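Residue-level structure breakdown
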Amino acid sequence: TSLNYLARELMFDTLLYLHPNTQEWTPQLATHWKKSADGLTFTYRINPNAKWKDGSPVTAEDVLYTYRLLVDSTLGAPSTNVTYGKFEEPKVLSKYMVSVKQKIKNWRNFLYFSGSTYILPAKILKKYLDPAKEGAEPLGAKQWVSDFNTSFMMPSGPYEMVKEDQKAGISVTLRRRKDFWGWGTRRAQTMYNFDRITYIIVQ
């Protein structure tokens, strides 16, 4: 729904942002990026200042686990599985450096991975995508969908959903974060001006 898209865009960050006026890629989570000479591999350097709601840094590992969630066949999103199945698993080069290689060269793949992939926190995804103990099956994306069916994970973006603001069957509210790591960045200029955004549910 439109609410899903709005909430995702305001609560989570992509690696890059396509400027609406210039149509040029600009920094969001990533400060630097490059394509390999053959155009198949994309490398990103994540801003060390980027933080999750709990104050922990956004890292290359978050990109890796976001990818693992999106290709999980139990996610219940076949189109998403196909889109991210066009990439090999991202490589964590260092804490803030990550690269990903597309299997078949296509200009759309840079668009998908850079500007359409909302990065999620690995510290939560590990619970679902890693085995709880050796030899055990991970919970999988299906369980993640169930657990977060009516809530969101901690954000990295300028807004959050606070439990006390939500009124089941009546309204859903997004609250602007005072502790958002990106307030001093260019992307935040003239943006995110509303303290609260409320969707009223009409039965």
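Residues numbered from 1 in each chain as written. Predicted model: local features only at pLDDT ≥ 70, side-chain atom pairs only at ≥ 80, totals over all residues. Heavy atoms only, no water.

Glycine aside, a negative phi is what most residues show, and trans is what most peptide bonds show. Although it is not a glycine, Q23 sits at a positive phi angle of roughly 60°. Positive phi, normally seen in glycine, also occurs at Y192, with a value near 55°. Mapped onto the elements, Y192 comes out in the loop between β8 (171-176) and β9 (196-200). (Helix = DSSP H or I, 4+ residues; strand = E, 2+ residues; numbered from the N terminus.)

Looking now at the sheet that holds strand β4 (residues 41-46). If you trace the 4 strands from one edge of the open sheet to the other, you get β3-β4-β6-β5, paired in antiparallel fashion. Pairing within the sheet leaves two strands with one partner each, and these edge strands are β3 (30-35) and β5 (91-92). Taken together, the 2 bridges between β5 and strand β6 (residues 97-101) define a ladder with antiparallel strand orientation. In the sheet register, V92 faces β6, and the bridge partner there is V98. (Pairing = 2+ DSSP bridges.)

Before going further, it helps to spend a moment on the sheet that holds β8. Picture the strands of a sheet paired through backbone hydrogen bonds; they go either parallel or antiparallel. The 3 strands lie next to each other as β7-β8-β9, forming an open sheet whose pairing is antiparallel. Both outer strands of the open sheet, β7 (159-160) and β9, are each paired with one neighbouring strand and no more. Both β8 and β9 contribute to a ladder of 5 bridges, which runs antiparallel. When the bridges of β9 are listed, R175 appears paired with R196.

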